[in-house]
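# Observations on the three-dimensional arrangement
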Amino acid sequence: MSYIIVICILGLLGIGFYCLLITRNLLKLVVALQVLVKGAMLAILFAGCLVDNMEVAQSMALTIIVADTIVAVIGLAMAIQVRQITNTSNIRSISTLRK
Amino acid sequence: MTFIYALIAVALLYSAHKATRVKGLLNAALWLAATSCLTAILMYIMGSPGIAVIELSVGAGLVTVLFVFAISIIGDEKIESKFFIPPLAALLMATIPFIILAFLWISGISPVFENTPADILANTIWEDRKVDLYLQAALIITGILGIMLLIAPSVANRFKKEREK
């Protein structure tokens, strides 16, 4: 059972990290971040199981869920603004905003 | 039972992979919602039913609605240009650290997954980790202000343009 959880954690972290490295679309970046954070959240809960301190791990997971949602909200809002101003969702267009 | 857990794990990794690699943004949002659902199931199995419910409602519900809202405003766009990092190099960078971690982990650790009593969890959240609650309140206010400041002008401009047309 614990091997399955570890495979899930490592898989989610790997998939999210890989997508962060290769993607160019702002919305896809937010998706990749979400996947990455889900892996991190599972890892924290698993660590709580290992040290037999689940209540602290759960309260930290709760904080992560809130922070992750706010990151998604801000990221999506930024993507909307960048698309409105530059007519593209390419992350390279962010560097042209100051021109 | 292990077969069911393995099935959930495979479905979770497959949906995460599809969420990041599928072409349409709307499809990506739906696959991400599926990933959230399966993560919530894993959390429930690990003995965190409260967190699983919150993940299900926020991750699969609220975030998906926000994604669909954003996609409906900016539309779907296929970006075809060169990668920052070659895919093979990115794959190596993403895989090697986790292979090392996996080797480090395989040392016979087998935790016991048990449900945490609700009163202990409530005591931890409301008494021992009050700073986390203040942080969450600040984050929620930040998110609300972010939506008000960033999305509202765009929607207004869009409505104006549509009226002019």
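The rules behind these values
- Residues numbered from 1 in each chain as written.
- Chains lettered and ligands numbered in written order.
- Predicted model: local features only at pLDDT ≥ 70, side-chain atom pairs only at ≥ 80, totals over all residues.
- Helix = DSSP H or I, 4+ residues; strand = E, 2+ residues; numbered from the N terminus.
- Buried ≥ 20, exposed ≤ 12 C-beta atoms within 10 Å, placed from the backbone.
- Contact = placed C-beta atoms within 7 Å.
- Nonpolar A, V, L, I, M, F, W, Y, C, P; charged D, E, K, R; others polar.
- UniProt positions renumbered as here; feature names shortened; annotations may be inferred.
- Core = buried A, V, L, I, M, F, W, Y, C linked by C-beta atoms within 7 Å.
- Expected span 1.5 Å × (residues − 1).
- Arc of directions from axis to C-beta.
- Axes fitted to C-alpha atoms, helices over the stretch in contact; angles between N-to-C directions.
- Parallel < 35°, antiparallel > 145°, perpendicular 65-115°, else oblique.

- As annotated in an unreviewed UniProt entry, chain B carries the name NADH-quinone oxidoreductase subunit J and is attributed to Flexilinea flocculi.

### Details of the overall build of chain B
- Across its full length, chain B holds six helices and zero strands.
- In sequence order, chain B lays out its α and β elements as α-α-α-α-α-α.
- Here chain B holds 165 residues, and 21% of them are scored as buried.
- Long-range contacts, defined here as pairs at least 24 residues apart, represent 56% of the contacts in chain B between residues at least 6 apart.

### Here's the deal with the interface of chain A and chain B
- Counting from both sides, the interface comprises 59 residues of chain A and, opposite them, 70 residues of chain B.
- Broken down by secondary-structure element, the contributors of at least two residues to the side of chain A that touches chain B are α1 (2–22), α2 (26–50) and α3 (54–86) of chain A.
- A class-by-class count of the residues in the side of chain A that touches chain B yields 40 nonpolar, 14 polar and five charged.

### Things to note about the UniProt feature "transmembrane region" (unreviewed entry) in chain B
Residue and element names in this part refer to chain B.
- Residues annotated by UniProt as "transmembrane region" (unreviewed entry) correspond here to residues 28–46, 53–75, 87–113 and 133–156.
- For the annotated span residues 28–46, helix accounts for 95% and strand for 0% of the residues, and the straight-line distance between the end C-alpha atoms is 27 Å.
- Structurally, residues 53–75 is divided into 96% helix and 0% strand, and its ends, taken at the C-alpha atoms, are 31 Å apart.

### Regarding the nonpolar core
- Ranked by internal contacts, the top residues of the largest apolar core, which has 62 residues, are Ile-9, Val-35, Leu-42, Leu-45 and Leu-76 of chain A together with Ala-70 of chain B.
- Looking at this core, the elements with two or more residues in it are α1, α2 and α3 of chain A together with α1 (2–21), α2 (25–45), α3 (49–74) and α5 (118–128) of chain B.
- Not counting residues up to four positions away in its chain, the partners in contact with Leu-76 of chain A are Val-30 of chain A together with Leu-66, Phe-67 and Ala-70 of chain B.

### A few points about α1 of chain B
- Compared with the 28 Å implied by 1.5 Å per residue over 20 residues, the 28 Å span of α1 of chain B between its first and last C-alpha is a close match.
- Within α1 of chain B, burial applies to Leu-12, Ser-15, Ala-16, Ala-19 and Thr-20 of chain B. For α1 of chain B, the arc enclosing every buried residue in end-on projection is 130°, short of the 170-degree limit, so these residues lie on one face. Of the exposed residues in α1 of chain B, those oriented more than 90 degrees away from the buried face are Phe-3 and Leu-7 of chain B.
- In this fold, the buried residues of α1 of chain B make contact with α1 and α2 of chain A together with α2 of chain B.

### A closer look at the environment of Ser-36 of chain B
Residues and elements named next belong to chain B.
- Residue placement: Ser-36 occurs in helix α2.
- A residue is classified by how many C-beta atoms lie within 10 Å of it, and Ser-36, with 26 of them, is buried.
- Note: C-alpha distance between Ser-36 and Ala-60 (24 residues apart in sequence) is 5.3 Å.
- When sequence neighbours within four positions are dropped, the list of residues in contact with Ser-36 reads Glu-55, Leu-56, Gly-59 and Ala-60.

### Observations concerning the packing of α2 of chain A against α3 of chain A
Residues and elements named next belong to chain A.
- For the pair α2 and α3, the least separation of the axes is 9 Å and the interaxial angle reads 175°. What the angle tells us is that α2 and α3 run roughly antiparallel.
- A per-class count over the contact of α2 with α3 returns 22 nonpolar, four polar and one charged.

### A closer look at the environment of Cys-37 of chain B
- Within the element layout of this structure, Cys-37 of chain B appears in helix α2.
- For the pair Cys-37 of chain B and Leu-25 of chain B, spaced 12 residues apart in the sequence, the C-alpha separation amounts to 19 Å.

### Examining unusual backbone geometry
- Positive phi is not limited to glycine here, since Asp-52 of chain A has a value of about 55°.
- Classification of Asp-52 of chain A as exposed rests on a count of 9 C-beta atoms within 10 Å.

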